Amino acid sequence: MEKKNEINGHAMVGSSERLREKGAPKSVYEKLRGFLSRNLLVIMTVSGVVVGVGLGMGVRNMSLTKAQMTYFAFPGEMLLRMLKMIILPLVVCSLVSGAASLDTRSLGKLGGIAVAYFLATTLIASGIGVSLAFIIKPGVGAGALNTNSLGLERVSNNKETTDSFLDLARNLFPSNLVAAAFRSYATDYKMVASGNDTNGTTLYEKVPFGAENDGMNILGLVLFAMVFGVALRKLGEEGEELIRFFNAFNEATMVLVSWIMWYIPFGIVFLVGSKIVEMDDVVLLVTSLGKYIFASILGHIIHGGIVLPLIYFGFTRKNPFSFLSGLITPFTTAFATCSSSATLPSMIKCVEENNGVDKRISRFILPIGATVNMDGAAIFQCIAAVFIAQLNNTELNAGQIFTILVTATASSVGAAGIPAGGIITIAIILEAIGLPTNELSLMLAVDWIVDRTTTVVNVEGDALGAGILHHINQQEMKKRQRQQHHELGKGGELSEVRVETVANIQAQEETSPLVMHKTKASEAVPEAVESVL
């Protein structure tokens, strides 16, 4: 009891002893103060959303000009800029140090489990999206709805499905790492004369060519950081200095994250408030596209509130909601920013500090998940594809439905972790099943509503995946310890066993075959242990 009071800061050691002597329980004031001190940031962040909604509704009646709206949104813009500023060093350094702390066999096993989890949950999410779209039928009876009636701009997209997936492969291997920090590869087209027909008319052919889009190529940076970390590990002693550098850089980045997190509640007020002020005619949008919005949010509630917690419980036999309760701050950040990448810093911090996930697992898996695991996006993309098919009175056959499921699962890997990043992915799905893309602006009109729950489900899937991997890692650790105790009990090869136990006493958490290789007895000194962490 004395230790708990000392850690939580509820009372000094002396006062706790006096309380025990008297047998008096803590006062309500002390309990309240302890609760507030532990959850102050969470309370402030959630309050920021509520205050932002109220402020936005109040300012909305003031009829601000476009310039005044920009000034009003400035504190929220600063929050987004701070979070995006930290993404590059956080992702690169955490993946390099994480991959360097794993041996090749462990890296393959850990990565294999993570990829299987990401693919399975995204495929389930796609199935939920398609099922809900056929049950609710959001596009039936809305055939008269068009972009002109809502005053929307058209979203043009002429990208071929094949080129979209080829661009995904190209972005995995950026030709320039420096450019990958702020640009990504994208195919564009130009019409080239290819000859004349029999009447002498010039024939033109659409030829793809490479172009650069603004925006970080996070996929390429993730792959490079992982491979570079493995390469440093292979170097042995020669690579230790550089591994220590990335570890220190990583820790310094997390200190910056802890400072930025105290600005989040203030920035969220203006992020949410500015979105409400910018709304045009929200009533018309919601009544016109209400069933689409309802189907998307219902899909997110089912997947995030039932399916993902059940998967977590099935693996760990622990209460998933107690795990999620420690992640309220990143969920609120995800809701306000609509960016899984921007939520990554606070997610890593909260998963480690509130839920006790091994930092080598969280800093290895969460950056990958923020890039490739998009459960929420898969749900609304599938619903949007079926919605547009219903708008065009197109009956989807079994082959087209299967194409939607597979394409949504595969293309969500390349979806940018930014606001409205999934809209272009819907165009890929529509092209794959032969539907027109001219209704995409309808999705964009309500994307700011649907994207909030989308991002929350995206980051929830990442967090629960890290929790599952942490549990599997602990089980492997216990299994190895039991085997070592069994070998000790048999009394065979005692001298060799002693060498193993000395290394494991110095770094007990490193005995997991999933996380850390065996440390040789000759290298089992604090400096060597620190270098590979």
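To be clear, the structure that these remarks concern was listed above.
Not measured: the values here are computed from a predicted model.

For the structure on display, the rule yields 9 salt bridges. Across the salt bridge formed by E241 and R244, the nearest N and O atoms sit 2.5 Å from each other. Here the residue E241 and the residue R244 both occupy positions in helix α10 (residues 240–261), the gap between them amounting to 3 residues, near one helical turn. What makes E241 exposed here is its relative accessible area of 53%. Connected through shared salt-bridge partners, E251, E352, K359 and R363 make up one network.

Right, let's get into the packing of aromatic side chains. In the structure shown here, the tally under the stated rule is 10 aromatic pairs. With a centroid separation of 5.6 Å and an interplanar angle of 65 degrees, the aromatic rings of F72 and F270 are classed as edge-to-face. On the criterion of sequence distance, the pair formed by F72 in helix α4 (residues 66–72) and F270 in helix α11 (residues 264–278) is long-range, its members being 198 residues apart. Here the aromatic rings of F224 and F228 are separated by 5.5 Å at their centres, their planes lie at 15 degrees, and the arrangement is stacked. Taken as a pair, F224 and F228 lie in helix α9 (residues 218–235) at a separation of 4 residues, close to a single helical turn. Owing to a relative accessible area of 36%, F224 belongs among the partly exposed residues under this scheme. By relative accessible area, which is 26% here, F228 ends up partly exposed. Of the aromatic side chains, those joined through ring pairs into one cluster are F224, F228, F245, F246 and F249. Its guanidinium or amino end placed over the ring of F313, R317 lies 5.6 Å from that ring's centre, counting from NZ or CZ.

Attention shifts here to the packing of helix α6 (residues 104–136) against helix α17 (residues 375–391). Running from N to C, α6 and α17 cross one another at 30 degrees; their axes reach a closest spacing of 8 Å. As far as their axial angle goes, α17 and α6 are roughly parallel. Taken as a pair, α6 and α17 cross one another with a handedness that is right-handed. Residues F118, T121, T122, A125, S126, G129, V130, A133 and F134 of α6 pack against D375, A378, I379, C382, I383, V386 and Q390 of α17. Partitioned by chemical class, the residues of the contact of α6 with α17 number 10 nonpolar, 5 polar and 1 charged.

So, on to unusual backbone geometry. Despite not being glycine, K137 has its phi angle at roughly 55 degrees, a positive value. Locating K137 in the fold gives a position in the loop between α6 and α7 (161–172). Positive phi outside glycine occurs at C338, with the angle close to 60 degrees. Along the chain, C338 falls in the loop between α14 (328–337) and α15 (340–355).

What follows deals with the side chain of S296. Of note, S296 is situated in helix α12 (residues 282–316). Residues contacting S296, with those up to four places away along its chain left out, are I379, F380, I383 and V450.

Bridging between strand β1 (residues 183–196) and strand β2 (residues 202–214) involves 13 bridges; their strand directions are antiparallel. The residue of β2 that forms the bridge with M191 is K206. The loop that links β1 with its antiparallel partner β2 comprises 5 residues; one of these, G200, has a positive phi angle of about 85 degrees.

Another point: α7. With 12 residues, α7 extends 17 Å from end C-alpha to end C-alpha; this agrees with the ideal 16 Å at 1.5 Å per step. By the burial criterion, the buried members of α7 are T161, D163, S164, D167, L168 and N171. Viewed along the axis of α7, the buried residues span an arc of 160 degrees, placing them on a single side of the element. If you follow the buried residues of α7, they end up packed against β1, β2, α9, α18 (398–411) and α19 (423–433).

Closest axis-to-axis distance for the helix α5 (residues 74–100)/α11 pair is 7 Å, and the angle between their directions is 125 degrees. The angle between α5 and α11 falls in the class oblique. Of the two possible hands of crossing, α5 and α11 adopt the one that is left-handed. Seen from α5, the contacting residues are P75, G76, L79 and L80; seen from α11, they are I264, F266, G267, I268, F270 and L271.

A contiguous patch of positive charge, built from K318, K478, K479 and R482, is present on the exposed surface. You can see R482 is positioned in helix α20 (residues 440–490).

On to the nonpolar core. Core analysis: the largest hydrophobic core is formed by 111 residues, its most contacted members being Y292, L327, F364, I404 and M443. In this structure L327 touches M347, C350, V351, N355 and A463, once residues within four positions along its chain are discounted. Core analysis: the next-biggest nonpolar cluster, separate from the first, contains 6 residues, V59, F72, F270 and V277 among them.

Analysis parameters
- Residues numbered from 1 in each chain as written.
- Predicted model: local features only at pLDDT ≥ 70, side-chain atom pairs only at ≥ 80, totals over all residues.
- Heavy atoms only, no water.
- Salt bridge = Lys/Arg side-chain N within 4 Å of Asp/Glu carboxyl O.
- Helix = DSSP H or I, 4+ residues; strand = E, 2+ residues; numbered from the N terminus.
- Buried < 20%, exposed > 50% of the residue type's maximum accessible area, 1.4 Å probe, protein only.
- Phe/Tyr/Trp six-rings, centres within 6.5 Å; stacked < 30°, edge-to-face > 60°.
- Lys NZ or Arg CZ within 6 Å of the ring centre and 35° of its normal.
- Axes fitted to C-alpha atoms, helices over the stretch in contact; angles between N-to-C directions.
- Parallel < 35°, antiparallel > 145°, perpendicular 65-115°, else oblique.
- Left-handed = near helix turned anticlockwise from the far one by under 90°.
- Contact = heavy atoms within 4.5 Å.
- Nonpolar A, V, L, I, M, F, W, Y, C, P; charged D, E, K, R; others polar.
- Pairing = 2+ DSSP bridges.
- Expected span 1.5 Å × (residues − 1).
- Arc of directions from axis to C-beta.
- Patch = residues over 30% accessible without salt bridge, like charges linked within 9 Å, V, L, I, M, F, W, Y side chains within 5 Å.
- Areas by Shrake-Rupley, 256 points an atom, 1.4 Å probe, with all protein chains shown as cover.
- Lys, Arg positive; Asp, Glu negative; His and termini not counted.
- Charge placed at Lys NZ, Arg CZ, Asp CG, Glu CD.
- Core = buried A, V, L, I, M, F, W, Y, C linked by side-chain atoms within 4.5 Å.

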